[in-house]
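Inside the fold
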Amino acid sequence: MEMRVKTNKLTMVQAVTDGLRTMLQKKEEVVLLGEDIGSNGGVFRATEGLMEEFGEERVMDTPLSEAGLMGTAIGMAINGMIPVAEIQFLGFIYPAYEQIATHATRIRMRTMGKYTVPMVIRAPYGAGIRAPEIHSDSAEALFTHMPGMKVVCPSTPYDAKGLLIASIEDPDPVLFLEPLRLYRAGKEEVPEGEYRVEIGKAARRREGSDVTLIAWGAMAAQASKAAEKLEQTGVSCEVIDLRTLYPLDKETIAESVQKTGRAVIVQEAHATGGLANDVMGVINDTSFLYLRAPITRVSGFDVPVPFFSLEEHYLPDTERIIQAVEKVIHY
Amino acid sequence: MENGFEMIQIMDENGNLVNEEFKSYISESLTKEMYEKMILVRTFDRKAISLQRQGRLGTYAPFEGQEAAQVGSASALKERDWLFPTYRDHAAAITFGHSLPHVLLYWNGRMEGCTVPSGKRIFPPAVPIATQLPHAAGAALAEKRRGTGNAAIVYFGDGATSEGDFHEGLNFASVFKSPVVFFNQNNHFAISVPIEKQMNSRTIAQKSVAYGIPGYRIDGNDIFAVYFYTKQALERARQGEGPTLLEAVTWRYGAHTTADDPKKYRNQEESLSKKRTIDPLLRLERYMKNEGIWEDDWANLVQKEAEEQIEGAVAEMEAFPPPDVNDLFDHVFAEPTWTIREQKEEYMNQIRGAGR
Ligand SMILES: Cc1ncc(C[n+]2csc(CCOP(=O)(O)OP(=O)(O)O)c2C)c(N)n1
């Protein structure tokens, strides 16, 4: 007998709300906390209506202090609750960095597993929405460099809900990055109720044979756009959306690159020290002998994410991706 | 202890002086000057909102209702002092000599908006909450070490008092006796979070006790109270007596920024009634009428001149040359690193090729 799952057409931000609601309903231990998440419903409306539905004890507006918010969430997590802490914009996470880097990620190890931190940190991030300065940082590499925490970054509404549920159920701290540019970029059928998208698994967004494009977040969508254009010029691109940034899906990356023999990694973050370098390392380790051209990266520049008047120049666009692909094809 | 932090007024809501001590200092010219400045910034604020709605400006942070707090405090500064604003303190910055077109450029996503007229010591607006407080403590400390007699003022909201940087800034300044005035604008909300949910203490001024420095809770819509208490605090700073915490109690009528909807979290009736009762401009108008120094013709002229000045600023902002892509790369280091040099070269070749 075929099971019919009811679905709704949702934007990514609506899918996030749906995932939060599902888990608040399912588990009494789940609590949301953050700045303006209550009556305001979050500055992006990701928690809209949840305080009314679940009360102020489960959906908590906190004082304006990221360090306080994170430290409190850690304390709740070690003592039986499952906090989902919202950082209003990733660019404002730095005051909380100490709590994350020196506590959230190490408590399991320091107590040899006696205390654990099963919490999720949600943070909208990335450029391309003409936000004021500091609101557009792509600082994922600061967190993938930090053992003890998983880093997840959906690029579709379906994945956002499924990955969020998996993150809330994960026994370790998870940083859940929500690409601002994709929040309302489109709608997709999202199942009602519970389902999971496994953490640590990349998605193949497009089949291709000449080159593998690897990206995540808003750049996954950008890579697909470039692939479409390249198709018209006879270049067949496979597009891999990483979805989980730590730990990387080594197998999917290797399988694809071994098939195509070429790889272009696209990231919005600065080039130096960025995650693209780790992806390059994975390809080098797993697929060196299959390569027909050097692995190429398209990145944001090594400059602070600029004011919005220069944002379009900072962000990798389809043009820059196409040029990189042409370079590896004609190597 | 809390009784030590009752709200201080020099002029009440009806425009009557309630503190005779300052009477002799309140000249007609000072009064008119304050009014002119407040009209200028209010007109600016309204214009900026309308430009944003027309798509001629990016997201903007309005301050209407906080004019006395910003204009009064910044008017107390001396030429060589420092001003550390947040994203909402353009009125303070303008009062202290920032250029109107550049303030507009800032909100249009232009880095040039962070540059101020030469000689002005106005720091770029702090976007992360409370991070500017330790900077002000440090800049002021440098003035003290050089024995200049210059001081600094730093602006922040009620929400900022929850951040660690607030406490760290106050503590450092008090330990080192930095000549700095911590100027809080308590507009009762941090985006949607009302002050009751931000803190459990009744006043912000009382937080000064923890750092062993003076603190005053003043009526932030009373421009005389703001001006004279800031002046006193700056004087104290200049004499080497260290920092002061001022809490200016005020109210912002509009949205947090043009990107949000205050109806979701704030009683609009309350804002409207405050506009009719405690408004800083209306209050000064009442005072001037009580004193018999109000003239309708003069007030109309003041409004007209403010509008002209702002129209000029808008025209200047809009005639500004388009953003220069070089600026993306050229100011990150004194000498660009090879990474930036290579990235720039490659990108410039590409956009030249693409004819962009
Ligand atoms: C570190 C940090 N966290 C969050 C934000 C997002 N944010 C911008 S303004 C604001 C509220 C600030 O309230 P308050 O300090 O009272 O100043 P006001 O805006 O009322 O003038 C918040 C939460 C930020 N800019 N920086």
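Reading the values: the criteria
The residue count restarts for each chain, going from 1 along the sequence in the order it is written. Note on labels: chains are lettered from A, ligands numbered from 1, in written order. Owing to the predicted nature of the model, reporting of local features is limited to residues with pLDDT of at least 70; listing and counting of side-chain atom pairs is limited to 80 or more, with chain, interface and lining totals taken over all residues. To get the side-chain values, take all heavy atoms of the structure and skip hydrogens and water. UniProt positions are given in the numbering used here, feature names are shortened, and annotations may be inferred rather than shown by experiment. Secondary structure elements are taken from DSSP: a helix is a run of H or I of four residues or more, a strand is a run of E of two residues or more, and numbering for both begins at the N terminus. Atoms considered for the radius of gyration are the C-alpha atoms alone. The globule rule reads 2.2 Å times the number of residues to the power 0.38. Exposure classes here rest on a 1.4 Å probe applied to the protein chains alone. A residue is buried below 20% of its type maximum, exposed above 50%, and partly exposed in between. Note on areas: these come from Shrake-Rupley sampling with a 1.4 Å probe, and a residue is covered only by the protein chains present in the view. Positive charge is attributed to Lys and Arg, negative charge to Asp and Glu, and no charge count is given to His or to the chain ends. In this description, the location of a charge corresponds to atom NZ of lysine, CZ of arginine, CG of aspartate or CD of glutamate. Should DSSP find at least two bridges between two strands, the strands are taken to pair. Every angle, taken between N-to-C directions, lies between 0 and 180 degrees, and every axis is a line fitted to C-alpha atoms, over only the stretch in contact when it is a helix. Any two residues whose heavy atoms approach within 4.5 Å are treated as being in contact. Patch members must show over 30% relative accessible area and no salt bridge, and they are joined within 9 Å when carrying like charges or within 5 Å when they are nonpolar side chains of Val, Leu, Ile, Met, Phe, Trp or Tyr. For this document, the term salt bridge refers to a Lys or Arg side-chain nitrogen within 4 Å of an Asp or Glu carboxyl oxygen. Segmentation of the chain into domains, including their bounds, is taken from an automatic or database domain assignment. When two parts are put together, the accessible area they lose, computed with a 1.4 Å probe and summed over both, is reported as buried area. Pairs of N or O atoms within 3.5 Å make up the polar contacts considered here, provided that, within protein, one atom can donate a hydrogen while the other can accept it, and that residues adjacent in sequence are counted only when both atoms are side-chain atoms. Near, as used in this document, describes a residue that has one of its heavy atoms within 4 Å of the molecule or strand being considered. Three classes are used, and their members are as follows: Ala, Val, Leu, Ile, Met, Phe, Trp, Tyr, Cys and Pro are nonpolar, Asp, Glu, Lys and Arg are charged, and the others, Gly among them, are polar. Of the grid points, spaced at 1 Å and generated over the protein atoms alone, those admitting a 1.4 Å probe that cannot get out make up cavities, while open sets with protein on both sides within 12 Å along at least five of seven lines make up pockets; any residue with an atom within 4 Å of a point is treated as lining. Grid points are joined across faces, edges and corners, and a volume is the space filled by probe spheres set on the points.

- Looking at an unreviewed UniProt entry, one finds chain B named Pyruvate dehydrogenase E1 component subunit alpha and attributed to Metabacillus sediminis.
- For the record of chain B, the UniProt heading Function (unreviewed entry) holds the text "The pyruvate dehydrogenase complex catalyzes the overall conversion of pyruvate to acetyl-CoA and CO(2). It contains multiple copies of three enzymatic components: pyruvate dehydrogenase (E1), dihydrolipoamide acetyltransferase (E2) and lipoamide dehydrogenase (E3)."
- Under the UniProt heading Subunit (unreviewed entry), the entry covering chain B gives this text: "Heterodimer of an alpha and a beta chain."

- An unreviewed UniProt entry annotates chain A as Alpha-ketoacid dehydrogenase subunit beta of Metabacillus sediminis.

Details of the overall build of chain A
- For chain A, the helix and strand inventory stands at twelve helices and 14 strands.
- Computed over its C-alpha atoms, the radius of gyration of chain A comes to 20 Å, within 12% of the 20 Å expected for a compact globule of 331 residues.
- Along the first, second and third principal axes, the C-alpha set of chain A runs to 60 × 50 × 45 Å.
- In chain A, which comprises 331 residues, the proportion classed as buried is 62%.
- Of the roughly 12,900 Å² that chain A leaves accessible, carbon and sulfur atoms contribute 51%.
- Put simply, chain A has 34 plus and 46 minus side-chain charges, and the middle of one group is 4 Å from the middle of the other.

Examining the sheet that holds strand β1 (residues 82-84) of chain B
All names here are of chain B.
- An order of β1-β2-β3-β7-β6 is seen for the five strands of this open sheet, with the pairing classed as parallel. Looking at strand neighbours, the two that pair on one side only are β1 and β6 (215-219), the edges of this open sheet. Within this sheet the neighbouring strands show an average axis-to-axis angle of 20°, counted without direction.
- For β6 and strand β7 (residues 244-249), the ladder comprises five bridges, and the chain directions are parallel. Across the sheet, the residue bridging to D219 is V249, located in β7.
- Packed on one face of the sheet, helix α9 (residues 223-238) meets β2 (152-157), β3 (180-186), β6 and β7 and runs near 160° to β6.

Description of a nonpolar patch on the surface
All names here are of chain A.
- A cluster of nonpolar residues, F288, L289 and Y290, forms a patch on the protein surface that exposes about 400 Å² of accessible area.
- Looking at where Y290 falls in the secondary structure, it is placed in the loop between α10 (275-287) and β14 (296-300).
- Taking relative accessible area as the criterion, Y290 reaches 43% and is therefore assigned partly exposed.

Looking at the domain arrangement of chain B
- For chain B, the assigned domains read domain 1 (2-322) and domain 2 (324-356).
- Placing a centre on the C-alpha atoms of domain 1 of chain B and another on those of domain 2 of chain B gives a separation of 38 Å.

Here's the deal with the interface of chain B and chain A
- Contacts between the two partners involve 39 residues from chain B, matched on the other side by 39 residues from chain A.
- Carbon and sulfur atoms make up 60% of the surface buried where chain B meets chain A, a total of about 3,300 Å² over both sides.
- Joining chain B to chain A, the criterion identifies three salt bridges.
- The shortest N-O distance in the salt bridge between K264(B) and E48(A) comes to 2.4 Å.
- At the boundary of chain B and chain A, one finds eight residue pairs in polar contact (both at pLDDT 80 or more).
- Among the secondary structure elements, those contributing two or more residues to the side of chain B that touches chain A are α4 (100-107), α7 (195-198), α13 (326-329) and α14 (338-353) of chain B.

Things to note about the site of the ligand
- Within the structure, the ligand sits among 21 residues, and E66(A), Y87(B), R88(B), V127(B) and G159(B) are positioned closest to it.
- Mapping the residues adjacent to the ligand onto the chains of the assembly identifies chains A and B.
- Between the ligand and the protein, one listed contact pairs an oxygen atom with a side-chain N or O atom of Y87(B) at 2.7 Å.
- Coverage of the ligand by the protein chains reaches 95% of its 580 Å² of free accessible surface.
- Taken together, the residues of the shell around the ligand sort by class into ten nonpolar, five polar and six charged.

A closer look at the UniProt feature "domain: Dehydrogenase E1 component" (unreviewed entry) in chain B
- Sequence positions flagged by UniProt for "domain: Dehydrogenase E1 component" (unreviewed entry) are, in local numbering, residues 36-324 of chain B.
- Taken end to end, residues 36-324 of chain B comprises 48% helix and 11% strand; its first and last C-alpha atoms sit 36 Å apart.

Here we look at the layout of surface pockets
- Taken as a whole, the second largest pocket holds about 660 Å³ of empty space.
- Secondary structure elements with two or more residues in the lining of the second largest pocket: α10, β14 and α12 (318-329) of chain A together with α14 of chain B.
- A per-element tally of the lining of the second largest pocket places α14(B) first, with seven residues.
- For the lining of the second largest pocket, the per-class residue count stands at eight nonpolar, nine polar and five charged.

Observations concerning empty space enclosed by the protein
All names here are of chain B.
- Taken as a whole and judged by the stated rule, the model has three cavities of 30 Å³ or more.
- For the largest cavity, the calculated volume is near 120 Å³.
- Lining the largest cavity are 17 residues; nearest its centre among them are H90, A93, H98, V103 and P125.
- Contributions of two or more residues to the lining of the largest cavity are made by α3 (90-95) and α4.
- Ranked by residues supplied to the lining of the largest cavity, first place goes to α4 with four residues.
- Here the lining of the largest cavity is composed, by residue class, of eleven nonpolar, five polar and one charged.

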